[in-house]
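Understanding the architecture of this molecule
What follows is the residue order along each chain.
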Amino acid sequence: MNPITKFLFELQEVSLLLWRVFIGLFRGPRYLDEFVKQMDIIGVGSLPIVLLTGFFTGGVLVLQTFPTLQYYGVHSETGRSVAVSLIRELGPVLSALMVSGRIGAAISAELGSMVVSQQIDAMRALGTDPLKKLVTPRVIALIVMLPLLTVAADIFGIIGGGSVASYIYGQDHNSFIASVRDGIASQDLIGGTIKPFFFGLIIGGISCHKGLSTTGGTVGVGTSTINAVVLSSIWVIVFDFFLSKAIQSILGQGTL
Amino acid sequence: MALVPEQVREPTAEPSLEEFNLEAAVDEPERVVPAIEFRNVRLAFDDKVVLDGVSFTVRRGETKIILGQSGGGKSTIIRLILGLLKPDSGEILIDGEEITHHSELDMMPVRQKIGMVFQEGALFDSLSVYENVAYRLREQGVDEEEIEPEVRRMLQFVALEYAIEKMPSELSGGMRRRVGIARALIGDPQIVLFDEPTAGLDPPTARTICELAIELRDLQDVSSIFVTHDMNNLRYLSSEYAVVDEEGIVSFEKEGERLCLINTEVLMLRDGKINFQGTDEKLRQSSDAYIKTFIHGK
Ligand SMILES: Nc1ncnc2c1ncn2[C@@H]1O[C@H](COP(=O)(O)OP(=O)(O)OP(=O)(O)O)[C@@H](O)[C@H]1O
Ligand SMILES: [Mg+2]
């Protein structure tokens, strides 16, 4: 198969999978326990790394931009610049990348080894639809948890930025917070929470598809895990560009 | 087809007579409908033809033993029956219902009638032995109070009650296989598919599994397919039957003492075609060179 056909084929498969997840929501059975379990694994489990990423990203942003802003005499606006870049871009994208590394790999490896050890077949033979039992709870948990993780990352990023501003550059807390509040517009908040919703779909769709289409034994599990992580990371970044453009056209540029 | 099936059928089974007999002699007419029927099924993976026009039936209460070399398509037949694979052409009927074009959703009620023992066990790693065995009933929404005694009964059946709390990774290969059997048999399916259930087991355990299959066949009227390479299994299944006395004790008797087994047949696959179909006596008497080497290993 040439690369373009292959790409279109994969795109079709992933969309079809997500569509079937969506349709399946309106018909029982629903596996609520499984959903709660996945929310715990995906959400609570990823919280530490996402918070850590957020905190240090916010910190390093201030560390690098403060001198420049100071040179132009606008260092009182540090809070605004950190908050806007975190909420619009870095929060959603970095959280999605961390989650695709952690959860995308876990999902495709788990589903892939279930395929090669015939557990998926056993499940079907015992009258369960693996899509409902395995795919739906994971995709929905990702869609629900990723926006929440992103918000947490944003908040910790601002805290990190504020800490650096005050402890390293000696800026006053209150002026930093005031600048943050000035800087954030409602468009940024809306855009910043819509994005992770789509990233959740991308990560969930690609990882579940890669896992379930595993062939070729344990080596195949390795391959599909690599593919799941690489593809979902790339697609998060590519899609982020178009999504940002779309949000800009629909909601306006926002401040700054 | 390599051999004309009529040639190897029982001599009394002249088609018109057989039909007449069944209609008249059987007071439950639905018994005439076979539990499993393959009609000219063909399946190829890429350009490798695995099944090439396979037709056979498994009657109610009958056990069909499938022999054939490794890679010969035995597991494929079983996967087709469950609808895990679809044939390229031909028809598959379960209890008279054509399932060849069923969607996943339509297959669900059909699969509930079937218990399957996977060649590699295929236990759910993340679930305990108890949860594995209880899986089917839980999915059907049965109350937990009803599930527990049923799971214990099934595990007793395969002599693994003590392992109920263990995880599959803590079990030996043979134990995993037996848990797989318990999982397949819960809910009393009317059709049971065994895919090499005794491979890699010690002779007494293998014997226990054969006894289980015999018991299902003779005492519970289960139709089954039993894939095996082992000639001992073949001998047990085709020459012994289970009887139950007043106290409910099950014992096994050899055929010939009181009656002759008619509910077990052998089917042999070769190069995607059915090479032999008939009773085990016929198989042993066959003059076909391939069958001889298969039985005696040389
Ligand atoms: N998913 C698949 N893709 C491609 N080829 C397959 C697939 N499944 C089975 N085959 C091929 O089909 C043939 C039959 O396989 P099958 O598993 O039915 O053999 P078998 O008779 O059960 O063998 P064994 O006794 O070793 O279990 C094999 O040659 C195998 O390579
Ligand atoms: Mg096999």
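Definitions and cut-offs
- Residues numbered from 1 in each chain as written.
- Chains lettered and ligands numbered in written order.
- Predicted model: local features only at pLDDT ≥ 70, side-chain atom pairs only at ≥ 80, totals over all residues.
- Heavy atoms only, no water.
- Helix = DSSP H or I, 4+ residues; strand = E, 2+ residues; numbered from the N terminus.
- Buried < 20%, exposed > 50% of the residue type's maximum accessible area, 1.4 Å probe, protein only.
- Areas by Shrake-Rupley, 256 points an atom, 1.4 Å probe, with all protein chains shown as cover.
- Donors = N, O, S within 2.8 Å, 3.2 Å for Na, K, Ca; no water.
- Axes fitted to C-alpha atoms, helices over the stretch in contact; angles between N-to-C directions.
- Left-handed = near helix turned anticlockwise from the far one by under 90°.
- Contact = heavy atoms within 4.5 Å.
- Nonpolar A, V, L, I, M, F, W, Y, C, P; charged D, E, K, R; others polar.
- Near = heavy atom within 4 Å.
- Polar contact = N/O pair within 3.5 Å; in protein donor to acceptor, adjacent residues only side chain to side chain.
- Buried area = accessible area lost by both parts, 1.4 Å probe.
- Salt bridge = Lys/Arg side-chain N within 4 Å of Asp/Glu carboxyl O.
- Pairing = 2+ DSSP bridges.

Observations concerning the overall build of chain B
Within chain B one finds 11 helices and 12 strands. Sorting the 298 residues of chain B into buried and exposed places 51% on the buried side. Counting only carbon and sulfur atoms, one obtains 50% of the accessible surface of chain B, whose full area is about 14000 Å².

A few points about the coordination of the magnesium ion (ligand 2)
Residue and element names in this part refer to chain B. Coordination of the magnesium ion (ligand 2) by the protein involves Ser-75 (OG) and Gln-119 (OE1), with metal-donor separations of 1.9 to 2.3 Å. Taken together, the positions of Ser-75 in helix α3 (residues 74–81) and Gln-119 in the loop between β6 (114–117) and α5 (129–139) put the pair 44 residues apart, joining distant regions of the chain. With relative accessibility at 23%, the residue Ser-75 sits in the partly exposed group.

Examining the packing of helix α5 (residues 130–167) of chain A against helix α6 (residues 173–183) of chain A
Residues and elements named next belong to chain A. α6 packs onto α5 with a crossing angle of 140 degrees between their chain directions and a minimal axis gap of 9 Å. Crossing angle aside, the handedness with which α5 passes α6 is right-handed. Between α5, through Ile-158, Gly-161, Gly-162, Ala-165, Ser-166 and Tyr-167, and α6, the contact on the second element is made entirely by His-173, Phe-176 and Val-180. Across the contact of α5 with α6, the residue classes break down as 5 nonpolar, 4 polar and no charged.

A closer look at the site of ligand 1
All names here are of chain B. Around ligand 1 sit 14 residues, and of these Ser-70, Gly-71, Ser-75, Thr-76 and Gln-119 come closest. Taking Gly-71, its main chain carries an N or O atom lying 2.7 Å from an oxygen atom of ligand 1. Note that an oxygen atom of ligand 1 is positioned 2.8 Å from one of the side-chain N or O atoms of Lys-74. Isolated, ligand 1 exposes 630 Å² of accessible area, and the fraction of that covered by the protein chains is 63%. For the shell around ligand 1, the secondary-structure elements that each account for two or more residues are β2 (48–58) and α3. No other element matches α3, which puts 3 residues into the shell around ligand 1. Grouping the amino acids of the shell around ligand 1 by side-chain chemistry returns 2 nonpolar, 9 polar and 3 charged.

Topic: the interface of chain A and chain B
With 16 residues of chain A at the interface, the matching set in chain B holds 19 residues. Regarding the contact of chain A and chain B, the summed buried area is about 1700 Å², with carbon and sulfur atoms giving 53% of it. The largest contributions to the chain A side of the interface with chain B come from Gln-119, Arg-124 and Leu-126 of chain A, which together make up 39% of the buried area. Linking chain A with chain B are 3 salt bridges, by the criterion used here. Here Arg-79 of chain B ties to Asp-121 of chain A by a salt bridge, and the two come within 2.5 Å at their closest N and O atoms. If you look at where chain A meets chain B, you find 7 residue pairs in polar contact (both at pLDDT 80 or more). Of all the elements, helix α4 (residues 119–125) of chain A adds the most residues to the side of chain A that touches chain B, at 6 residues.

Observations concerning the sheet that holds strand β7 (residues 191–195) of chain B
Residues and elements named next belong to chain B. Read from one edge to the other, the open sheet built from 6 strands follows the order β6-β7-β8-β3-β11-β12, with strand pairing classed as mixed. In this open sheet, the two strands that pair with only one neighbour each are β6 and β12 (273–278). When strand polarity is set aside, the average angle formed by the axes of neighbouring strands in this sheet is 15 degrees. Looking at chain direction, strand β3 (residues 63–68) and strand β8 (residues 223–227) are connected through 4 bridges and run parallel. Along β8, the bridge assignment pairs Thr-63 with Ser-224. The sheet contacts of helix α9 (residues 231–239) involve β3, β8 and β11 (264–270), and relative to β3 the element is tilted by about 160 degrees. Each of β3, β11 and β12 touches helix α11 (residues 289–296); the most contacted strand, β11, lies at about 110 degrees to it.

Read these as layout, nothing more, since geometry by itself doesn't imply function.
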